[in-house]
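Now for the letters of each chain:
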Amino acid sequence: MRTKTIATLSAAALAVVTLGACSSPGAAEATCTNEIVKPDATQVSVWAWYPAFEDVVDAFNNSHDDVQICWTNAGQGNDEYTKFSTSIESGSGAPDVIMLEAEVLSSFSIRKALVDLSEFGAADVKDDYTEGAWKDVSSGDAVYAIPVDGGPMGMLYRKDLLDKYGIEPPTTWDEFAVAAQKLKDAGAPGVLANFPPNGRAFTQALFAQAGSQPFVYDSAKPQELGIDVNDEGSKKVLSYWEDLASKDLVAVDEAFTADYNTKLVDGTYAIYVAAAWGPGYLQGLEGTQEGAEWRAAPVPQWDTASPTQINWGGSTFAVTEQAKDKEAAATVAKEVFGTEEAWKIGIEKAALFPLWRPILESDYFRDLEYPFFGGQQINNDVFLDAAAGYKGFTFSPFQNYAYDQLQQQVTAVVVDGSTTSDKALDDLQAALEKYATDQSFTLLD
Amino acid sequence: MTTHVIEAVDAPRRTRRSGIERRQQVGWLFITPFLIVFAVFLVFPLGYAFTMSLSSSTLAGGTQFVGADNYVKAFTDPLFLGGIRRVALFAIIMIPTQLGIAMLAALVIDSLSTWVSKLSRLLMFAPYAIPVVIGALMWSFLYSPRFGPAATLFDLVGLQTPNFLAAGSIFGSLVNVVTWQWSGYYMIVIYASLRAIDPAIYEAARIDGAGGLQIATRIKLPMISSSMVMVITFALIGTLQFFTEPTVLRSIASGSLPPEYTPNMYAYALAFSYSQFNYAATIAFSLGILVFIGSFGFLFLTRKQSGLK
């Protein structure tokens, strides 16, 4: 009897031990993608998806004795945000420093996930950035991130295609529409441009050019939110594209799909209205048409008398509330892209557009010639002016939802034709107001 | 006096019970490993999710206990109800299609006895061996207007190529992906139960003058009804939880597939895109309840066929 009990006990114990071994408690320390040069220094974990970022990290680690970066690529855009969001909810697992696009900063600051860097010397580096770039990372007096790269917008076009059909690069949206018609009348196999229904930030930037200021939000008063997405400017822009799409003068293909990528470079679209990271994106695509000649020009304007510059995308480094050593984390956020060495890697290997003024305003960056653009100095010709003219933007604290709703309305207008641009934006306003109320916001007039 | 009698009666029973108890304790020991895993990975998460579903958390207002309010909201939420209606429609169209194909193929393969049977069995089963995500990704390229073979095929016969990813046709495209992936699996299940039928019964039927078609419809089908019930139950649960294929196709057709396309996608979007974890838990639980009612109801209705009664 006794032996039997012991045997049973040990069998059960063995089973428990074996199972326990499978689940292996005490997960190992997060492993870094890069090598830590100085193992005794404070380590700061960083999530980022920049191309060629390992070189930038190495440069930082080699030049810092007290702080070392431990870098992980946790996915691009929403893939990373999903992980970050989950770790905020669970209270652990977030990195110390995280790469975030400017447009999602409010969505995370309202969840108290980001450290206000004004307490950690953000003011010291404020002058290194343009006013517009700094506004994108601040909310009232608080500073939630340090700007890294931007997306001032321009117009990339196929010189060979426009020349073939005798079209001058359009400087206004009226000329743009005329050019689209001319291209179609000439029987060109492609169209002038694409208006992606899932443009989201792209669409919002075009709206902003006509005066749209969709949100009023200050993290000091996190319960108050102003929403104005059905303004005259936005309606004008959407109805402009609705008109072009209904006449088949522009394509309405979804962006960032394999089909779209091919069409970008095979001559289907003669013009790519793009951000400063667009040239890098184009060069990374395969199947470029032979004889393609790309050039860059300023983005078309509604009113050439008072040109308005716009921005699409751009990213920042924020310090999370879960950071163990916030001081060290803030140092990383401020300094990782705060040297010429880092920026030469960023510009030449990752095709980033710098917001750090020492390099942004340098002769090196201005005079840089791009072989892809036939040696054109695209920064000097287009993007530096666009960056200088950008005044900053306020996003909502639920930007992902706002974009999803915008995308559904734009799809209904330009793809399905099931609604008109005016009604779509009125519906969008109602939907966002309802959501904001559900989320306990007080609506500002 | 009375007390003594009671004690006398009770005494042996107590010892017997304690003997059973001891044996039961040993039994519990043996299933402890399972119980731990069961509790940690099933009971605890379920309880946690249920607790979450009873609170409401808003961006500007913080978290507060709201009881069943979230459930009232869920069952009046047009996005959730729309998703439920959509998966119900999927179930009505998709399950009979898959089952029809699976059954037909199983009956044909069962009546063949050559290498053709073995080969077609393998070929039909092959799609199931492909991971769902890979299968959906592959179809996303086949549906692509630019890379897909459709343009070439339709050009050959002089027709205009349909857009498989447009809002009006995405439903059919999804039905096609799922049918392609799962019919083979269901066919194998049905085929296996067909093989389990005693061939003597066919012989008897043939002596009674039954032809091939009659044997199939009068003997084979009634005799495999229990595995048919199982297959339909699987298909029903899978369809109500529809998630992977539309999520993968969303990367190339996000206009036709809104984030709330199916209830599971809605729960995912709520939790991970809109950080409404509490309401997402409610949606997930509500879906779980509906799946339970749906599959339980189906099993109850078919209790005669399945032999569960």
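Just so it is clear, the model here is predicted, and its values are computed rather than measured. (Residues numbered from 1 in each chain as written. Chains lettered and ligands numbered in written order. Predicted model: local features only at pLDDT ≥ 70, side-chain atom pairs only at ≥ 80, totals over all residues.)

> Is there a simple way to explain the overall build of chain B in this structure?
Broken down by element type, chain B carries 14 helices and two strands. Taken along the three principal axes of its C-alpha coordinates, chain B extends 105 × 75 × 30 Å. Counting over 309 residues, chain B shows a buried share of 30%. Nonlocal contacts in chain B, meaning residues at least 24 apart in sequence, comprise 68% of its contacts between residues at least 6 apart. (Helix = DSSP H or I, 4+ residues; strand = E, 2+ residues; numbered from the N terminus. Buried ≥ 20, exposed ≤ 12 C-beta atoms within 10 Å, placed from the backbone. Contact = placed C-beta atoms within 7 Å.)

> Sorry, what's going on with the pairing of strand E6 (residues 146-158) of chain A here?
Both faces of the sheet carry side chains from a regular strand, because those side chains alternate between them. All names here are of chain A. Burial analysis of E6 places 13 of its 13 residues in the buried class, which makes it a mostly covered element. Relative to strand E11 (residues 311-319), E6 is paired through five bridges, and the arrangement is antiparallel. Paired with glycine 150 across the two strands is glycine 314, which belongs to E11. Here E6 pairs with strand E10 (residues 294-298) via five bridges, running antiparallel. In the strand pairing of E10, glycine 154 is matched with proline 298. (Pairing = 2+ DSSP bridges.)

> Whenever I open this one, the nonpolar core confuses me. Can you help?
It is characteristic of soluble globular proteins that their nonpolar side chains tend to be buried jointly. Counting 201 residues, the largest nonpolar core has Val250(A), Ala333(A) and Ile190(B) as the members making the most contacts within it. Broken down by element, the residue count for this core peaks at twelve residues, all from helix H3 (residues 78-111) of chain B. Each residue touching Val250(A), except ones within four places of it in the same chain, is listed here: Ala180(A), Val191(A), Leu192(A), Ala193(A), Asn194(A), Phe195(A), Trp241(A), Leu244(A) and Ala245(A). (Core = buried A, V, L, I, M, F, W, Y, C linked by C-beta atoms within 7 Å.)

> Just to check I follow, could you spell out the domain arrangement of chain B for this structure?
Quite often, the size of an interface is put as the accessible area lost when its parts meet. All names here are of chain B. On domain assignment, one finds that chain B holds domain 1 (2-53) and domain 2 (71-306). The distance between the C-alpha centroids of domain 1 and domain 2 comes to 42 Å. At the interface, four residues of domain 1 touch six residues of domain 2. Tallied by class, residues from the side of domain 1 that touches domain 2 come to three nonpolar, one polar and no charged. (Domains from an automatic or database assignment. Nonpolar A, V, L, I, M, F, W, Y, C, P; charged D, E, K, R; others polar.)

> Explanation requested: unusual backbone geometry in the structure shown.
The phi torsion at Asp248(A) lies on the positive side, around 60°, for a residue other than glycine. With respect to the secondary-structure elements, Asp248(A) resides in the loop between helix H10 (232-246) and helix H11 (258-265). The phi angle at Ser275(B) is positive, at roughly 45°, despite the residue not being glycine. By secondary structure assignment, the location of Ser275(B) is in the loop between helix H12 (263-273) and helix H13 (277-301).

> Can you walk me through the environment of Leu99(B) in this structure?
Residue and element names in this part refer to chain B. For leucine 99, the location among the structural elements is in helix H3. Residues leucine 99 and methionine 187 lie 88 residues apart in sequence; the distance between their C-alpha atoms is 8.0 Å. Setting aside anything within four residues of it in sequence, one finds leucine 99 in contact with Tyr186, Val231 and Ile232.

> Got a minute to help me understand the interface of chain B and chain A in this structure?
In this complex, chain B contributes 26 residues to the contact, which on the side of chain A involves 34 residues. Looking at the side of chain B that touches chain A, the elements with two or more residues in it are helix H1 (2-53) and H12 of chain B. In terms of residues, the side of chain B that touches chain A owes the most to one element, H1(B), which gives six residues. Broken down by class, the residue content of the side of chain B that touches chain A amounts to 17 nonpolar, eight polar and one charged.

> Help me understand the UniProt feature "domain: ABC transmembrane type-1" (unreviewed entry) in chain B in this model?
UniProt records the feature "domain: ABC transmembrane type-1" (unreviewed entry) at residues 84-300 of chain B, using the numbering of this structure. With 76% helix and 0% strand, residues 84-300 of chain B has end C-alpha atoms that lie 21 Å from one another. (UniProt positions renumbered as here; feature names shortened; annotations may be inferred.)

> Explain the domain arrangement of chain A to me, please; I cannot follow it from the model alone.
All names here are of chain A. Here the domain parsing of chain A yields domain 1 (42-150 + 312-385) and domain 2 (152-311 + 392-444). Put simply, the middle of domain 1 and the middle of domain 2, counted by C-alpha atoms, are 25 Å apart. At the interface, 31 residues of domain 1 touch 33 residues of domain 2. Only helix H4 (105-109), helix H6 (131-137), E11 and helix H17 (378-388) provide two or more residues apiece to the side of domain 1 that touches domain 2. Top contributing element to the side of domain 1 that touches domain 2 by residue count: H17, with five residues. Across the side of domain 1 that touches domain 2, the residue classes tally to 13 nonpolar, eleven polar and seven charged.

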